Amino acid sequence: MPRYEYRCRPCGSTFELNRPMAESSAPAVCPEGHEDTVKLLSTVAVGGSATPAAPQGGGGGCCGGGCCG
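First, a word on what this report is: a plain description of the structure on this page. (Residues numbered from 1 in each chain as written. Predicted model: local features only at pLDDT ≥ 70, side-chain atom pairs only at ≥ 80, totals over all residues. Heavy atoms only, no water.)

Topic: the side chain of Ser24
Phase 1: Residue position: Ser24 is located in the loop between strand E2 (14-18) and strand E3 (37-39).
Phase 2: Those residues in contact with Ser24 that lie beyond four places of it in its chain are Tyr4, Tyr6, Arg19 and Lys39. (Helix = DSSP H or I, 4+ residues; strand = E, 2+ residues; numbered from the N terminus. Contact = heavy atoms within 4.5 Å.)

In structure tokens:
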């Protein structure tokens, strides 16, 4: 289930909610009970190693190693 981040306008706190995508734009109440909140744009973090893949066959070029002739 996606996690969305919100900021409360009255108290300035930020909080996260797990909710279905269909409810992503539904109003959210902050943990302090304030209803005036705004959904923040979040970046996606992906874990893992960034090891580049070894080239497969041929030598590149405009056709990925094929003969464009």
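Structure's up, so let's keep going.
Re the pattern of salt bridges
Phase 1: Within this structure, the stated rule accounts for 2 salt bridges.
Phase 2: With a closest N to O distance of 3.0 Å, Arg3 and Glu16 form a salt bridge. On the criterion of sequence distance, the pair formed by Arg3 in strand E1 (residues 3-8) and Glu16 in strand E2 is long-range, its members being 13 residues apart.
Phase 3: Of the residues examined, Glu16 reaches a relative accessible area of 45% and is grouped as partly exposed. (Salt bridge = Lys/Arg side-chain N within 4 Å of Asp/Glu carboxyl O. Buried < 20%, exposed > 50% of the residue type's maximum accessible area, 1.4 Å probe, protein only.)

Some points on the sheet that holds E3
Phase 1: The strand order across the open sheet built from 3 strands is E2-E1-E3, with neighbouring strands paired in antiparallel fashion. Both outer strands of the open sheet, E2 and E3, are each paired with one neighbouring strand and no more. Pairs of neighbouring strands in the sheet enclose a mean axial angle of 35°, with direction left out of account.
Phase 2: Sheet topology note: the E1/E2 ladder contains 5 bridges and is antiparallel. (Pairing = 2+ DSSP bridges. Axes fitted to C-alpha atoms, helices over the stretch in contact; angles between N-to-C directions.)

That's the geometry; what it means functionally is another story.
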